[in-house]
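The residues making up each chain are set out below.
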Amino acid sequence: AQSVTQLGSHVSVSEGALVLLRCNYSSSVPPYLFWYVQYPNQGLQLLLKYTSAATLVKGINGFEAEFKKSETSFHLTKPSAHMSDAAEYFCAVSGRGSSNTGKLIFGQGTTLQVKP
Amino acid sequence: DTGVSQDPRHKITKRGQNVTFRCDPISEHNRLYWYRQTLGQGPEFLTYFQNEAQLEKSRLLSDRFSAERPKGSFSTLEIQRTEQGDSAMYLCASSLASSGASGNTIYFGEGSWLTVV
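This report concerns the structure included in the present document.

Rules and cut-offs
- Numbering of residues starts from 1 in every chain and runs along the sequence as written.
- Naming scheme: in the order in which they are written, chains are lettered from A and ligands are numbered from 1.
- Reporting of local features is limited, given that this is a predicted model, to residues whose pLDDT is at least 70; pairs of side-chain atoms are given and counted only at 80 or more, and all residues count toward the totals for whole chains, interfaces and linings.
- Here the side-chain values reflect all heavy atoms present in the structure, with hydrogen atoms and water set aside.
- Whether two residues are in contact is decided by their heavy atoms: any pair within 4.5 Å suffices.
- Buried area is understood as the total, over both parts, of accessible area removed when two parts are fitted together, assessed with a 1.4 Å probe.
- By definition here, a salt bridge exists when the distance from a side-chain nitrogen of Lys or Arg to a carboxyl oxygen of Asp or Glu is within 4 Å.
- For this analysis, a polar contact is any N or O atom pair within 3.5 Å, provided that within protein one partner can donate a hydrogen and the other can accept it, and provided that sequence-adjacent residues contribute only side-chain to side-chain pairs.
- Numbering goes from the N terminus for both helices and strands, where a helix is a DSSP run of H or I of at least four residues and a strand is a run of E of at least two.
- For this scheme, ten residues count as nonpolar: Ala, Val, Leu, Ile, Met, Phe, Trp, Tyr, Cys and Pro. Four count as charged, namely Asp, Glu, Lys and Arg, and the remainder, Gly too, count as polar.

**Examining the interface of chain B and chain A**
Here's step 1: If you look at the interface, chain B gives 26 residues, while chain A gives 21 residues.
Here's step 2: Where chain B abuts chain A, roughly 1900 Å² becomes buried across the two surfaces, and 49% of that area is made up of carbon and sulfur atoms.
Here's step 3: If you sort the residues of chain B by the area they bury against chain A, B:Pro43, B:Thr105 and B:Phe108 come out on top, with a joint share of 20%.
Here's step 4: Applying the counting rule to chain B against chain A returns 1 salt bridge.
Here's step 5: For the salt bridge of B:Glu56 with A:Lys103, the shortest nitrogen-to-oxygen distance reads 2.4 Å.
Here's step 6: Taken together, the links from chain B to chain A amount to 7 residue pairs in polar contact (both at pLDDT 80 or more).
Here's step 7: At the level of elements, strand 4 (31-37), strand 5 (44-50) and strand 9 (88-95) of chain B are the ones that each hand at least two residues to the side of chain B that touches chain A.
Here's step 8: Broken down by element, the side of chain B that touches chain A gets its largest block of residues, 4 residues, from strand 4 of chain B.
Here's step 9: Of the residues belonging to the side of chain B that touches chain A, the class tally is 11 nonpolar, 11 polar and 4 charged.

And the structure:
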């Protein structure tokens, strides 16, 4: 079975500071990994995904994440936080292969607060 | 707009009533998913369709819940005899099945909020 653990339900940073949101996964097979962002009362928007091409994945809005197999981690970072980054962030895992349904298993989410 | 569309966006209903949500996926997508999300939690998988076939259902999907995807296009999620515990946001998502290295990117709709009073 696959699972995702997001460490820290709330993260607060100052505008311009580094953003680091932590995600650890558990999977018996090499997974696909995703980060989604959710703004209040909206659906989820894909930030980036890891599909085994490059371990450092760049996404939208200046975010990136690094897949570390030895640590089973896929942490999300952004060098300089902007006020508009305040939102809920979800890490998710899915299986791979043509027979896989592709369904996502989500973590509990991390609320990012950006202080002026 | 060619994204995933959900209707209605908000629904308030009395306990015991039936409600139905509709989802229109991205037009060429053959996979469709329903998720449920409660406040402060991540989305939880409910069910999955490939074309018109419902191929997987979560244990969360009690017998009061039914989902359909006639003709493999839009989908409906019906909840019968609603309970207060059904209050949540119901998210629909779609994707195009891919066996390649690009993976299976899932696109979400804006969600349908259900409040059972």
